[in-house]
Amino acid sequence: MPAMRWDRLLADLEAAEEARQRAEMLGEVAERSRAEIGRVTLAARLRAAESVRVTIELEGVHRCVGELVGVGPGWVVLEDGPTQWLVATRYVSWVDDLPPYVAPDQVGAAKRVYDSLGMRHVLRGIAADRAAVRIGIGAADAIGGTIDRVGANFLDLALHPDGEPRRRREVAAHRVVAIEAIRYVHRTTG
């Protein structure tokens, strides 16, 4: 009989040690997971969500909805059919429908040419298209017009009636807009 008690005692000790090691390992995994998620940026989450339809709230002022088609330093582009949104990420309050996880290789990977292009580069592309836009600045209504030129930290906007192409006779005024103030640029193509 004494040998059986030893067997049970040793089995209990072994089971307790295995349980302790398992709990320790789970704690380590949880700690590493917390540390990894702590290094993930909003830009990485957005980059991992390219081609996903999302809703972005801009400081409680405006919502932009569309498929995430581009992410760069300080900006994202959403498309919804012919509607496009260029959104300054510094004004983002929240984003709905992002995938919940980012694989570690997605955090620093998936670099594209536009990853090094700032918002003014994207604005220059819009200016080259000569498309009519609505520019959201602060809590005020959006300003409508056509971007004529983009400088280092500003753009020149020709103000004209919505729905009208930029023609000299339709331009009511010219406004200089600080790029830092721009929350979004909305345009409809085609």
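Quick note: structure is the one above.
Residues numbered from 1 in each chain as written. Predicted model: local features only at pLDDT ≥ 70, side-chain atom pairs only at ≥ 80, totals over all residues. Heavy atoms only, no water.

**Details of the environment of G118**
In step 1: Among the structural elements, G118 can be located in the loop between α3 (104-108) and α4 (119-129).
In step 2: For G118 and P73, which are 45 residues apart along the polypeptide, the C-alpha to C-alpha distance reads 5.8 Å.
In step 3: Non-local contacts of G118, meaning those with residues more than four positions away in its chain, are made with P73 and W75. (Helix = DSSP H or I, 4+ residues; strand = E, 2+ residues; numbered from the N terminus. Contact = heavy atoms within 4.5 Å.)

**Looking at the pattern of salt bridges**
In step 1: Per the stated rule, a full pass over the model turns up 9 salt bridges.
In step 2: R63 is paired through a salt bridge with E57; the nearest N and O atoms lie 2.6 Å apart.
In step 3: Note that R134 and D162 form a salt bridge whose closest N and O atoms lie 3.0 Å from each other. Taken together, the residues R134 in strand β6 (residues 132-137) and D162 in the loop between β8 (154-159) and β9 (173-178) connect sequence positions 28 residues apart.
In step 4: Connected through shared salt-bridge partners, R130, D148 and R166 make up one network. (Salt bridge = Lys/Arg side-chain N within 4 Å of Asp/Glu carboxyl O.)

**With respect to unusual backbone geometry**
In step 1: Residues other than glycine seldom take positive phi values, yet S51 does so here, at roughly 80°.
In step 2: With phi around 60°, R130 is a residue other than glycine that occupies positive phi space.
In step 3: Tracing the backbone through its elements, the reader meets R130 in the loop between α4 and β6.

**Quick notes on the packing of aromatic side chains**
In step 1: According to the stated counting rule, one finds 1 aromatic pair in the structure shown.
In step 2: Where W85 meets Y184, the ring centres are 5.4 Å apart and the plane angle is 65°; that geometry is what we call edge-to-face. Of this pair, W85 sits in strand β4 (residues 83-88) while Y184 sits in strand β10 (residues 182-188), and the two are 99 residues apart along the sequence.
In step 3: Overall, the relative accessible area of 10% leaves W85 in the buried class.
In step 4: Over the ring of Y91 we find R183, and its NZ or CZ is 4.2 Å from the ring centre. (Phe/Tyr/Trp six-rings, centres within 6.5 Å; stacked < 30°, edge-to-face > 60°. Buried < 20%, exposed > 50% of the residue type's maximum accessible area, 1.4 Å probe, protein only. Lys NZ or Arg CZ within 6 Å of the ring centre and 35° of its normal.)

**Description of the nonpolar core**
A general tendency of soluble globular proteins is for nonpolar side chains to be buried together.
In step 1: Counting 39 residues, the largest nonpolar core has I56, L86, L123, I147 and L155 as its most contacted members.
In step 2: Ranked by the residues each element gives to this core, the list is headed by α4, at 5 residues. (Core = buried A, V, L, I, M, F, W, Y, C linked by side-chain atoms within 4.5 Å.)

Scope: geometric values only; no functional claims are made or implied.
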